[in-house]
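A structural walkthrough
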Amino acid sequence: MKKIFVFIILAVFTTSLNAQNWDIHIETGASFGRLIPVLQSTPRTANLRYGFSKPGLYLSPEIRFTVSEHSQFSIGYQFSDNKAGIKFLTPSRSAKETEYDIIDLHNFSVGYYFQQVIFHEHIRIGGFVKIGLAYGYMDGFGGSGNGGSFSGGYQGVAFAGSQRLTAFEVMPDFWTPDNTIGFSIGKNATGNKLANRLTLDISATICWKNPYKDYSKVYYFIGDNQLVKDGIAQYQGIPLLMQIGVSYRLFRLGNGSSNHHSALLYHGSGKS
């Protein structure tokens with residue numbers, strides 16, 4: 001897999017040598033992680049969920065090679081801090097408890113971007129796909145919750161709590177292939193240099209390797225006037241990331257470097 005990925009990078013780089021512009025981008029934002037449970041992980045129920053945990057941060061420098069008015073190839077790197085685990089909920093949803101593993105990923109990727117302008121060439125919209133290879137490891141674990149809360153018309157006290165029974169169950173270091181698909185939107189404003197450099201990106205990344213060497217196990221207890229329950233839950237799975245962030249074009253190299261607009265836009269109205 002690593003040799004195939006290196007070959008793809010070389011192919012994209014060679015294809016892009018004739019590109020008119022090279023754009024250097026930096027992107028940062030929030031990374032929401034969750035697990036797709038596998039093997040003998042405790043099944044999802046109304047009171048046990050594998051949802052997205054509290055967000056971590058990501059940072060991603062990237063080189064994009066312009067190949068046409070609407071398309072670019074990219075070579076990039078991303079560091080992301082991801083929290084993924086399990087959540088326990090009372091039937092009334094008045095109390096919840098979350099236990100998660102912190103999995104850091106260093107992702108190297110190649111990608112393709114497509115953009116066009118809409119609304120009389122004032123807005124840039126587009127999409128992108130990437131294939132990557134990520135190096136990861138477990139950086140820690142944690143939890144959060146709001147056990148013992150009240151809720152509106154609900155009469156009574158709801159409680160939730162948990163205690164972790166295992167420690168570092170993710171492999172100390174692992175490699176995984178991954179794929180990303182995303183959507184981007186930005187402004188296409190005449191003479192507005194800063195606005196044209198900024199893009200809002202929303203993306204989803206799935207890692208194709210289960211990085212756990214064993215199950216993470218948690219003792220939990222939840223209760224309200226509808227249900228009182230405790231037990232031991234175990235989980236491992238494939239990381240799925242949802243990310244939202246802002247990309248900023250630092251500078252451009254090439255024949256169009258003096259142009260304040262994005263390299264990806266229509267010129268039907270004669271704007272330059």
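Residues numbered from 1 in each chain as written. Predicted model: local features only at pLDDT ≥ 70, side-chain atom pairs only at ≥ 80, totals over all residues. Heavy atoms only, no water.

**Describing the side chain of N107**
The cut-off we apply is this: Helical segments are the DSSP runs of H or I of at least four residues, strand segments are the runs of E of at least two, and each set is numbered from the N terminus. Exposure classes here rest on a 1.4 Å probe applied to the protein chains alone. A residue is buried below 20% of its type maximum, exposed above 50%, and partly exposed in between. The definition of a polar contact used here is a pair of N or O atoms within 3.5 Å, where within protein one atom must be able to donate a hydrogen and the other to accept one, and adjacent residues in sequence count solely through side-chain atom pairs. Whether two residues touch is decided by their heavy atoms; if any such pair falls within 4.5 Å, the residues are in contact.
Secondary-structure assignment places N107 in strand β5 (residues 96-118). In this structure N107 comes out as buried when scored by relative accessible area, which is 11%. A distance of 3.3 Å separates the side chain of N107 from the side chain of D178, its partner in a polar contact. Dropping the residues within four chain positions of it, N107 is found in contact with G76, Y77, Q78, G132, L133, A134 and D178.

**Some points on the pairing of strand β9 (residues 174-187)**
Every other side chain in a regular strand lies on the same face of the sheet, so the side chains alternate between the two faces. How we decide: What makes two strands pair is DSSP finding at least two bridges between them.
The alternating pattern of β9 places F174, T176, D178, T180, G182, S184 and G186 on a buried face and W175, P177, N179, I181, F183, I185 and K187 on a face that is not buried. Across 14 bridges, the pairing between strand β6 (residues 123-145) and β9 is antiparallel. By the bridge assignment for β9, I125 is matched with I185. Inspection of the sheet shows β9 paired to strand β10 (residues 198-207) by nine bridges, in the antiparallel sense. In the strand pairing of β10, I185 is matched with L200.

**Overview of the nonpolar core**
As a reminder of what qualifies: In plain words, nonpolar cores are sets of buried Ala, Val, Leu, Ile, Met, Phe, Trp, Tyr and Cys residues tied together by side-chain atoms within 4.5 Å.
I86, F88, L105 and Y235 are the most contacted members of the largest nonpolar core, which has 23 residues in total. Those elements that place two or more of their residues in this core are β4 (71-89), β5, β6, β8 (154-164), β11 (216-223) and β12 (228-235).

**With respect to unusual backbone geometry**
With a phi close to 55 degrees, L39 is a non-glycine residue in the positive phi region. In this structure, L39 sits in the loop between β1 (21-37) and β2 (48-49). Positive phi, normally seen in glycine, also occurs at R93, with a value near 60 degrees. Looking at the element boundaries, R93 is found in the loop between β4 and β5.

**Things to note about the packing of aromatic side chains**
The test is simple: Stacked, edge-to-face and tilted labels apply to pairs of Phe, Tyr and Trp rings (six-membered ring for Trp) whose centres lie within 6.5 Å, assigned for plane angles under 30 degrees, over 60, and everything in between, in that order. Only Lys NZ and Arg CZ are tested; either one counts as a charge over a ring when it is within 6 Å of the ring centre and within 35 degrees of the ring normal.
This structure, assessed with the given rule, holds 10 aromatic pairs. Taking the centre distance of 5.4 Å and the plane angle of 50 degrees together, the rings of Y135 and W175 count as tilted. Of this pair, Y135 sits in strand β6 while W175 sits in strand β9, and the two are 40 residues apart along the sequence. By relative accessible area, which is 26% here, Y135 ends up partly exposed. Between F141 and F168, the ring centres sit 5.6 Å apart and the planes meet at 70 degrees, which makes this aromatic pair edge-to-face. With F141 in strand β6 and F168 in the loop between β8 and β9, the pair connects residues that are 27 residues apart, well separated along the chain. Judged by relative accessible area, which is 38%, F141 ranks as partly exposed. Since its relative accessible area comes to 43%, F168 is described here as partly exposed. Connected via pairs of aromatic rings, a cluster forms that spans Y135, Y137 and W175. When the ring centre of F52 is taken as reference, the NZ or CZ atom of R34 above it lies at 5.8 Å. For R164, the ring lying beneath its charged end belongs to F141, and the centroid distance is 4.4 Å.

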